[in-house]
Amino acid sequence: MPNSFSERDRRWDLLNKSMQENGVDALIFAANDYRGHKGALRYVADYNLPHRSGNAVMFKDEEPVLVLSGNLIGGRRPASGWVSDYRFPGTIAQGLVDALKGRTFSKVGIVGLGQVLKVDEYLALTNAYPQAQFIDYSAQFELVRSVKSAAEIRGVEESAYILDQCFSRLLEIARPGITEREIGAEMYKVGHQLGGEDPLFLTMYTEVDGDRTGATFGPPRDRVLTAHDIHTFSFEIVGPKGYWTELSRMVTFARPKDDDARMARAVAKGLAAATAQMAPGTSPSDVQRSILEAIGTEGATSSYWSGHSLGLDVLEQPWIGLDVVEDGSQSQDTALQAGYVLAVHPMVLDVQAQTSGYMADTYVVEETGSRKLSEHPTGLHRLSKGEVHVNEC
């Protein structure tokens, strides 16, 4: 189980080794309740932040201390009992200062310094300890957590199972005349019944505005599906053990237009190319090049990135792309390793034909290659007379 003490000790050993190698005396893990900003806290302390913000402070070879927002004092604590020192100070800034008080340190790494730690917390630390160096440790942390253990992969597989059941339910109820909102309600219901949390359900389709063509997406709304509509289902969810997975498919009812079918083939070819390319030793940029080459055979184009790692956060590094994607610190030449979990989701577009396509799958990189977690075929699903027909590449 991911919340067992053996898993805890494995993670703490990796963090201690990383601190030793990088000459860091302590780590601060910053978190808030945004979907992509709380996984670090769960990684180090098995604490699923339910609201507001919180941090963990960890010195080498010591149990971390949790410094949480004061209004979380009545919140549920994990039964796993990884840590014993929970603090709820008047302000988190002062709590972080106090957690370091009386200790000897010269360099402290902060996970989430650029995107998560609040400015007042950073200023409180630097003002209280001007002799110390506080550095961004986000990239080093990503290297630690990118390779998942066997227990973590079981958690990812459980999440993938939930998404498969959500999509199976969509195939049962989708029909001309149904609204996006009705479909979304069923997706949320199935996900929650099976133990899912933090669901992110988006629908998308091609939108044409004058001479501009683009793929638009957003939460389900009252848009009514017609027989020739392409309904692109995209669902991301956290399973009971805290791991994210993604699944997206294109669904229609009547015979698809040739250009819509071509865009679906382009996406499916891109995903097939990624599947064949992802293996230990391969760089993310090489995976992206193979995706773009496959997409191009159908006359489609795509952006410079098509996916990312994921785990306890929905967005982890590395990114599948040709360039630095988000934070300016990732090297696209970092080789994939066995144990990586990757979501691949190329968005393709043919501006001239005014159509687009999108699908997503989650993969585990293994010693012999990559393994797709969803049991649903990758391709355009056509629902007709109670049957499902899948146009694969």
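Residues numbered from 1 in each chain as written. Predicted model: local features only at pLDDT ≥ 70, side-chain atom pairs only at ≥ 80, totals over all residues. Heavy atoms only, no water.

### Some words on the pairing of strand β18 (residues 369–372)
Consecutive side chains of a regular strand alternate in pointing toward one face of the sheet and then the other. Sheet topology note: the strand β17 (residues 361–366)/β18 ladder contains 4 bridges and is antiparallel. In the sheet register, Val364 faces β18, and the bridge partner there is Arg371. Taking the residues that link successive antiparallel strands as the turn, the β17-β18 hairpin has 2 residues. (Pairing = 2+ DSSP bridges. Helix = DSSP H or I, 4+ residues; strand = E, 2+ residues; numbered from the N terminus.)

### A look at the environment of Val67
Along the chain, Val67 falls in strand β3 (residues 65–68). With relative accessibility at 0%, the residue Val67 sits in the buried group. For the pair formed by Val67 and Val57, sequence separation is 10 residues and the distance between their alpha carbons is 7.5 Å. Setting aside residues no more than four positions away along its own chain, Val67 makes contact with Gly54, Asn55, Val57, Arg87, Pro89, Ile92, Gly95, Leu96 and Ala99. (Buried < 20%, exposed > 50% of the residue type's maximum accessible area, 1.4 Å probe, protein only. Contact = heavy atoms within 4.5 Å.)

### Observations regarding helix α7 (residues 180–193)
For α7, built from 14 residues, the straight-helix expectation of 20 Å at 1.5 Å per residue is met to within 8% by its first-to-last C-alpha distance of 20 Å. Listing the buried residues of α7 in full gives Glu180, Ile183, Gly184, Met187, Val190 and Gly191. Within α7, the buried residues cover an arc of 130 degrees as seen down the axis, which keeps them to one side. Packed against the buried residues of α7 are α6 (150–173), β7 (197–209) and β9 (231–238). Of the residues trailing α7, Gly195 is marked for its positive phi of about 95 degrees. (Expected span 1.5 Å × (residues − 1). Arc of directions from axis to C-beta.)

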